[in-house]
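Each chain, letter by letter, is given below.
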Amino acid sequence: MPTPVKSVLPVVLLGCGGVGRYLLRHIVSCRPLHANQGVAIRVVGVADSSSLLVAEDVHSNGLDDALLTQLCAAKSAGSPLSSLLAQGHCQLFKNPEARGKEDFQKLVSNFRRIRFESTVGAGLPVIASVTRIIASGDPVSRIVGSLSGTLGYVMNPRDDLGGMDVARKVSELGPDAVSTKDFLESGLVQLDKSMEERVKAAASRGNVLRYVAEIESTGCQVGLKELPKDSALGRLRGSDNVVMHPSLLFFSPFVWSSLYVTTDCSFDQVEIYSRCYQSSPLVIQGAGAGNDTTAAGVLADIIDLQDLFQTTA
């Protein structure tokens, strides 16, 4: 006997890029799983930068799975949403008419209906974990992280540019002092030499240099920091990085604890330190970026809203 539908979640997708297309594919492929949970996701509209494709009757039906699959293929090939009108059971609104059909302010007016887990570590449950810790009264004091995969990458070769070194040399190597050509030909050599000396000095002490942001109640500091090579940040390689997203500041009334979030296209690690996790941190690890992983996180956020869309008996 099939599981009765308890929640119907209407979805309008604003954007058909890589994440958006993966999200539609996940929704289609997870139909059996969600049906067993008594949940039905109804994609009633999909918009791109120029138009909005809407189901014929958004109150009773969404865009069917065959159309969603064709939509993903069409957008991957660079075709407009209008190319799908021949499939039927849908209607198209062009800009600016489409803008009148999307009332974003109403969508975000109720904070309970906003989920943003995938803005931090893609599909990893970072915000959910931090929320649970804070809700339990476990104090947080500090956030430490490397916020840029690009900076994390350039910190591995020896010919790096580094934070305060650049600032100290700006008077002699800045745009008002030397041309771009001279900077590239000779200025970088000076910066590389200084950086190489710092790298060697840190290595002699068993340490490494990382570009780190530290956020505490007294303020924020960003720059190069010497760290033990076997620490959470010291073990980062390539574009791996440790990140903190501004949305976490939503918890500012509480005292912070140290939160480490590492992210890149293939690897993510979160170490959460609090009173209860002081000597042995809570560690969350897995893929931290990419269309597929991020879309999975968004889908989990959608399912998390199911209680708000329960059907009446």
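Each value, and the rule that gives it
- Residues numbered from 1 in each chain as written.
- Predicted model: local features only at pLDDT ≥ 70, side-chain atom pairs only at ≥ 80, totals over all residues.
- Heavy atoms only, no water.
- Core = buried A, V, L, I, M, F, W, Y, C linked by side-chain atoms within 4.5 Å.
- Buried < 20%, exposed > 50% of the residue type's maximum accessible area, 1.4 Å probe, protein only.
- Helix = DSSP H or I, 4+ residues; strand = E, 2+ residues; numbered from the N terminus.
- Contact = heavy atoms within 4.5 Å.
- Expected span 1.5 Å × (residues − 1).
- Axes fitted to C-alpha atoms, helices over the stretch in contact; angles between N-to-C directions.
- Parallel < 35°, antiparallel > 145°, perpendicular 65-115°, else oblique.
- Left-handed = near helix turned anticlockwise from the far one by under 90°.
- Nonpolar A, V, L, I, M, F, W, Y, C, P; charged D, E, K, R; others polar.

Looking up the chain in an unreviewed UniProt entry gives the name homoserine dehydrogenase, with the organism given as Sorghum bicolor.

Trainee: Please clarify how the nonpolar core should be interpreted in this entry.
Mentor: Considering soluble globular proteins, one finds that nonpolar side chains tend to be buried as a cluster. Leu 24, Val 46, Leu 53, Leu 63 and Leu 71 are the most contacted members of the largest nonpolar core, which has 28 residues in total. Mapped onto this core, the elements with two or more residues apiece are β1 (7-14), α1 (18-29), β2 (39-47), β3 (51-55), α3 (65-76), β4 (90-94) and α10 (291-304). By residue number, the principal contributor to this core is α3, which donates 5 residues. Beyond its immediate chain neighbours, meaning those up to four positions away, Leu 53 contacts Val 44, Gly 45, Val 46, Leu 63, Leu 71, Leu 81, Leu 84, Leu 85, Cys 90, Gln 91 and Leu 92. If you look at the next biggest cluster of nonpolar residues, it comprises 9 residues, including Val 120, Leu 124, Val 130 and Ile 134.

Trainee: Explanation requested: α1 in the structure shown.
Mentor: Residue pairs spaced three or four apart in an α-helix point in one direction, given the helix's 3.6 residues per turn. Spanning 12 residues, α1 covers 17 Å between terminal C-alpha atoms, matching the ideal 16 Å at 1.5 Å per step. For α1, the complete set of buried residues consists of Gly 18, Gly 20, Arg 21, Leu 23, Leu 24, His 26 and Ile 27. Looking at the buried residues of α1, the elements they touch are β1, α2 (31-36), β2, α3 and α10.

Trainee: Explanation requested: the packing of α1 against α3 in the structure shown.
Mentor: The packing of two helices is summarised by the inter-axis angle and the distance between the axes. Close contact between α1 and α3 brings their axes to 10 Å; oriented N to C, the two are set at 155°. In terms of orientation, α1 and α3 fall into the roughly antiparallel class. Remark: the crossing between α1 and α3 carries left-handed chirality. Across the interface between the two elements, Arg 21, Leu 24, Arg 25 and Val 28 from α1 touch Asp 65, Leu 68, Thr 69, Leu 71, Cys 72, Lys 75 and Ser 76 from α3. Broken down by class, the residue content of the contact of α1 with α3 amounts to 5 nonpolar, 2 polar and 4 charged.

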